[in-house]
Amino acid sequence: QHYANLNDQLVALKRQTQTQSSSDVQTAPLTNHEIIHTGIAPTVVIKQKLDLIQFAIDQQQFIYAVDHLTQLQQALPQYEIAPALKHSLNQALEQDKQAIQQYVIPQNQRHQMIDDLLQTIDKNIQQALARPKLEMDQSESVSWWKKWFRIEKVETPSINLMNRSVVLKEVQLRLLIAEQALNQGKMAEYQNELQSVMQKLNEMPDATSQQLKNRIAKVSHLSIVPVPKLSTLGLLGS
């Protein structure tokens, strides 16, 4: 609501300074003359714009944020502020754009890896429904399964193996929830969902499930970068 009010104020401010004779004036940023005319300090206008950009970042609207940081950077010469502050703001805006890019790159990697996993799981579900016979994982860490099957007499198949397609469906759903949390920047919830998925797959002894678990572990171990906070706001006392 606070940011919505700020946006309304900016819209109202632009309307006050627009002329009805030129469409170019309607889309141009506020000039220093217009700022003086409205009686609002240039630093206040800049801070309002930065508040809106930070709100966009918090909402994962990174393209919008970078575009508006660039626009603000280009408009800086129009503001009548101290040259030293103007120079510092320009540097800070550039750093903020880089920080957003550094945040987005690993996020995109996570999205791509999760999308690949979801496609793989979908194929595995179809295969599990069509061909229930499983290949056991032969690695040392799960070799006891092979011994268990050889030594113990089993009257009925393992419930986990019988319901493999159901388990994979649950894994698929949890991965979708994890991706949604990733989209919303809820990294704790994202990590919790991935851990739940790995625990669920750990109950499955077949090689394919273990391979999926290892791939999800790689996604989980990608470094987590906190959502960027605009350093430029710090220069304006925020």
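Residues numbered from 1 in each chain as written. Predicted model: local features only at pLDDT ≥ 70, side-chain atom pairs only at ≥ 80, totals over all residues. Heavy atoms only, no water.

Considering the environment of Ile81
- Tracing the chain through its elements places Ile81 in the loop between helix H5 (62-75) and helix H6 (83-130).
- Expressed as a C-alpha distance, the spacing of Ile81 and Ala41, which sit 40 residues apart in the sequence, is 9.3 Å.
- If near-sequence neighbours (up to four positions away) are discounted, Ile81 is found in contact with Pro42, Thr43, Ile46, Lys86 and Leu89. (Helix = DSSP H or I, 4+ residues; strand = E, 2+ residues; numbered from the N terminus. Contact = heavy atoms within 4.5 Å.)

As for the confidence of the model for the protein
- When pLDDT is averaged along the protein, the result is 75; 69% of the residues meet or exceed 70.
- Here helix H2 (residues 23-27) stands out as the element of the protein with the lowest mean pLDDT, 36, in contrast to H5, whose mean of 94 is the highest.
- Confidence drops under pLDDT 50 across residues 17-28; counting only partners more than four residues distant or on other chains, this segment forms nine contacts.
- Here residues 150-157 is modelled with pLDDT under 50, and outside its nearest four sequence neighbours on either side it reaches two contacts, counting other chains as well. (pLDDT = per-residue confidence, 0-100.)

Here we look at the pattern of salt bridges
- Counted by the stated rule, this structure contains six salt bridges.
- Note that Lys229 and Asp58 form a salt bridge whose closest N and O atoms lie 3.3 Å from each other. Of the two residues, Lys229 sits in the loop between helix H11 (207-220) and helix H12 (231-235) while Asp58 sits in helix H4 (residues 42-58), which places them 171 residues apart along the sequence.
- Among the residues examined, Lys229 registers a relative accessible area of 59% and is labelled exposed.
- Among the salt bridges present, the one from Lys200 reaches Glu170, with a minimum N-O distance of 3.8 Å. (Salt bridge = Lys/Arg side-chain N within 4 Å of Asp/Glu carboxyl O. Buried < 20%, exposed > 50% of the residue type's maximum accessible area, 1.4 Å probe, protein only.)

Brief notes about helix H10 (residues 187-202)
- Here H10 spans 22 Å end to end across 16 residues, near enough to the 22 Å set by a 1.5 Å rise per residue.
- Of the residues making up H10, those classed as buried are Met187, Tyr190, Gln191, Glu193, Leu194, Val197, Met198 and Leu201. Seen from one end, H10 has its buried residues packed into an arc of 160°, which puts them on one side. Looking at H10, the residues exposed on the side facing more than 90 degrees away from the buried face are Ala188, Asn192 and Gln199. (Expected span 1.5 Å × (residues − 1). Arc of directions from axis to C-beta.)

Section: the packing of H4 against H5
- For the pair H4 and H5, interaxial distance at closest approach is 8 Å and the crossing angle is 160°. As far as their axial angle goes, H5 and H4 are roughly antiparallel. Classified by chirality, the crossing of H5 by H4 is left-handed. For the pair formed by H4 and H5, the contact residues are Ile46, Lys49, Leu50, Ile53, Ala56 and Ile57 on the first element and Phe62, Tyr64, Ala65, His68, Leu69 and Leu72 on the second.
- Grouping the amino acids of the contact of H4 with H5 by side-chain chemistry returns 10 nonpolar, one polar and one charged. (Axes fitted to C-alpha atoms, helices over the stretch in contact; angles between N-to-C directions. Parallel < 35°, antiparallel > 145°, perpendicular 65-115°, else oblique. Left-handed = near helix turned anticlockwise from the far one by under 90°. Nonpolar A, V, L, I, M, F, W, Y, C, P; charged D, E, K, R; others polar.)

Concerning H4
- Here H4 contains 17 residues, and its C-alpha end-to-end distance of 25 Å stays within 8% of the 24 Å for a straight helix at 1.5 Å per residue.
- With respect to burial, H4 is a largely interior element, 12 of its 17 residues being buried.
- Within H4, the full set of buried residues consists of Pro42, Val45, Ile46, Gln48, Lys49, Leu50, Asp51, Leu52, Ile53, Gln54, Ala56 and Ile57.
- Note on H4: the residue one or two positions beyond its end, Gln60, has a positive phi of about 65°.

Some thoughts on the nonpolar core
- If you look at the biggest cluster of nonpolar residues, it comprises 23 residues, and the most contacted ones within it are Ile121, Val171, Leu175, Tyr190, Leu194, Leu201 and Ile216.
- For this core, the elements supplying multiple residues, two or more each, are H6, helix H9 (164-183), H10 and H11.
- The greatest single-element share of this core, amounting to seven residues, is contributed by H9.
- Every residue in contact with Ile216, bar those within four places of it in the chain, is listed here: Leu117, Leu175, Leu194, Val197, Met198 and Leu201.
- Counting 21 residues, the second-largest nonpolar core is a separate cluster that includes Val45, Leu50, Phe62 and Leu236. (Core = buried A, V, L, I, M, F, W, Y, C linked by side-chain atoms within 4.5 Å.)

So, the environment of Gln59
- Tracing the backbone through its elements, the reader meets Gln59 in the loop between H4 and H5.
- With relative accessibility at 44%, the residue Gln59 sits in the partly exposed group.
- Separated by 124 residues in the primary sequence, Gln59 and Asn183 place their C-alpha atoms 8.9 Å from one another.

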